[in-house]
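# Geometric and topological summary
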Amino acid sequence: MPHNLLVDAPEQGVQVLTLNRPDVLNALNTDLLNNLSKALDDAEADPEVRAIVITGNQKAFAAGADINEMAARDLVGILEDPRVAHWERIARFTKPIIAAVNGFALGGGCELAMHADILIAGENARFGQPEINLGIMPGAGGTQRLTRKVGEALAMHMALTGEQINATRALQAGLVSEISQPELTVERAIEIGQTIARKAPIAVRLTKESVRKADDMSLSDGLRFERHAFTLLAGTADRQEGLDAFREKRSPRFNGQ
Ligand code: HXC
């Protein structure tokens, strides 16, 4: 049986993780989430990895949590669901994540895509939170991240009706930052990852953290965090290198210090 998560070797700082359960539209079961968590642990520790691309296949990014597995869980199973820790692991990842979404990103699949820092969609992408059709509701950010990203009107519409939106609507709503031809989505995501991989690592890390704080903090607390992070960067060798390189009209050589 093929492995349910394909983990490529990092290339030019970017590692591609491919969800690989094509027979069930990449439905997210515990084993797949477990492997994703492990891959992120490894990527976090690997200095060669500067950004991650998560993708699926042309038909589906992921059509949600594995419904067959969910059906087998009782209340205790849900309360002690090991997948909760996996979602938290993904949210805690400090390096940039780019989601390259073709086809269905539904339920937990949409929620996984929303864990990414940059979301690129193929023209054929479909986003939705169809849990309501199953008598349940989103459980990994589909009422919270989605609302912050697209606003209450559309989030409420999607979560209460289960209706999907296409890539154009997702772009208009601010859920994705770019649309590409489906066959080029992964390539484009890698290109974005490689652009980020050439930047100063500490600045990248603090930028991600600071933008993320905008969801969690008041404006004044967020501004305070931003100012502290900005000040912290003043002491880095990479800041000096960036300023020197600009003034000397050459490309900077950042070394993460
Ligand atoms: C398990 C799934 C699946 C899923 C699809 N499949 N989605 N299996 N879990 N989430 C399986 C189908 O059963 C089918 O298997 C095969 O994948 C192909 O799917 P089809 O339905 O035949 O394809 P199509 O007609 O093109 O329809 C695509 C679809 C539909 C619209 C995406 O599959 C669908 O509605 N899937 C469920 C989407 C959903 O409700 N997701 C939310 C899950 S709840 P067979 O064996 O028949 O070939 C969730 C909660 C997250 O995500 C909570 C986080 C904490």
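These numbers were taken from a predicted model, which means no experiment stands behind them.

### Regarding the overall build of the protein chain
Within the protein chain, the secondary structure is distributed over 12 helices and 10 strands. In terms of overall dimensions, the protein chain is globule-like: its C-alpha atoms have a radius of gyration of 19 Å, near the 18 Å expected for 257 residues. Counting the 257 residues in the protein chain, one finds 44% classified as buried. Across the protein chain, every contact between residues at least 6 apart in sequence was considered, and the portion connecting residues at least 24 apart equals 67%.

### Focus: the packing of helix H10 (residues 201-216) against helix H11 (residues 219-233)
Contact pair H10 / H11: the axes reach a minimum separation of 10 Å and the direction vectors enclose 175°. Overall, the two elements H10 and H11 adopt an arrangement that is roughly antiparallel. Between H10 and H11, the residues in contact are Ile202, Ala203, Leu206, Glu209, Ser210 and Lys213 and Phe225, Glu226, Ala229, Leu232 and Leu233, respectively. Looking at the contact of H10 with H11, its residues break down into 7 nonpolar, 1 polar and 3 charged.

### A short note on the pairing of strand E2 (residues 14-19)
The element E2 is extensively covered by neighbouring structure, given that 6 of its 6 residues are classed as buried. On E2, burial covers both faces: Val14, Val16 and Thr18 on one face and Gln15, Leu17 and Leu19 on the other are all buried. Connecting strand E1 (residues 5-7) to the next strand, E2, in antiparallel fashion are 6 residues, including Gln12 with a positive phi near 45°. Between the parallel pair E2 and strand E3 (residues 51-55), the chain is carried across by helix H1 (residues 30-45), and the sense of this crossover is right-handed.

### Topic: helix H7 (residues 152-161)
Listing the buried residues of H7 in full gives Leu154, Ala155, Met158 and Ala159. In an axial view of H7, the angular spread of the buried residues amounts to 120°, which keeps them on one side of the axis. Among the exposed residues of H7, those pointing more than 90 degrees away from its buried face are Glu152, Ala153 and Leu160. Residues of H7 that are buried sit in contact with strand E8 (126-128), helix H6 (145-150), strand E9 (165-166) and helix H8 (167-173). Where H7 terminates, the next one or two residues include Gly162, which has phi positive at roughly 80°.

### Some words on a nonpolar patch on the surface
The grouping of Ile67, Leu134 and Ile136 at the surface amounts to a nonpolar patch, some 250 Å² of accessible area in total. Residue placement: Ile136 occurs in the loop between E8 and H6.

### Some points on the sheet that holds strand E4 (residues 60-62)
Taken together, 4 strands build an open sheet; the order of strands is E4-E6-E8-E9 and the sheet is mixed. In this open sheet, the two edge strands, each paired with only one partner strand, are E4 and E9. When strand E6 (residues 104-106) meets E8, the two strands line up parallel, connected through 3 bridges. Residue pairing across strands places Phe104 opposite Arg126, the latter belonging to E8.

### Some remarks on the site of the ligand
Around the ligand lies a shell of 22 residues, among which Lys59, Ala63, Ala65, Ile67 and Gly108 are the nearest. In this structure, a nitrogen atom belonging to the ligand sits 2.9 Å away from a main-chain N or O atom of Ala63. Within the contact set of the ligand, an oxygen atom lies 2.8 Å away from a backbone nitrogen or oxygen of Gly108. Its free accessible area being 1,000 Å², the ligand has 60% of it covered by the protein chains.

Here is what the cut-offs are and how they apply
- The written sequence of each chain sets the order in which its residues are numbered from 1.
- Selection of residues for local features in this predicted model requires a pLDDT of at least 70, selection of side-chain atom pairs for listing and counting requires 80 or more, and totals for whole chains, interfaces and linings are taken over all residues.
- Values reported for side chains reflect all heavy atoms of the structure, with hydrogen atoms and water molecules removed beforehand.
- We count a stretch as a helix when DSSP gives it H or I for four or more residues in a row; a strand needs E for two or more, and each element gets its number in order from the N terminus.
- In this treatment the radius of gyration is a C-alpha quantity, and the globule benchmark scales as 2.2 Å times the residue count to the 0.38 power.
- Three labels apply to residues, based on accessible area from a 1.4 Å probe with only protein chains included: buried if under 20% of the type maximum, exposed if over 50%, partly exposed otherwise in between.
- In what follows, residue pairs with any heavy atoms lying within 4.5 Å of each other are defined as contacts.
- In this analysis, axes come from line fits to C-alpha atoms, helices being fitted only over the stretch in contact, and the angle between any two N-to-C directions falls in the range 0 to 180 degrees.
- Comment on the angle field: the value is read as roughly parallel under 35 degrees, roughly antiparallel over 145, roughly perpendicular from 65 to 115, and oblique elsewhere.
- Throughout this entry, Asp, Glu, Lys and Arg are counted as charged residues, while Ala, Val, Leu, Ile, Met, Phe, Trp, Tyr, Cys and Pro are counted as nonpolar. The remaining residues, Gly among them, count as polar.
- In this scheme, strands are said to pair when DSSP sees at least two bridges between them.
- By convention, a crossover is right-handed whenever its connection, traced from the first strand over the helix to the second and viewed with the strands pointing away, goes clockwise.
- As used here, the arc is the angular range of directions from the helix axis to the C-beta atoms.
- The patches described consist of residues with a relative accessible area above 30% and no salt bridge, like charges being joined within 9 Å and nonpolar side chains (Val, Leu, Ile, Met, Phe, Trp, Tyr) within 5 Å.
- Accessible surface area values rest on a Shrake-Rupley calculation with a 1.4 Å probe, where residue burial reflects the displayed protein chains alone.
- Take a side-chain nitrogen of Lys or Arg and a carboxyl oxygen of Asp or Glu: if they are within 4 Å of each other, that pair is a salt bridge.
- Nearness of a residue to a molecule or strand requires only that one of the residue's heavy atoms be within 4 Å of it.
- Under this definition, polar contacts are N or O atom pairs within 3.5 Å; protein pairs additionally need one hydrogen-donor-capable and one acceptor-capable atom, and for neighbouring residues in sequence, both atoms have to be side-chain atoms.

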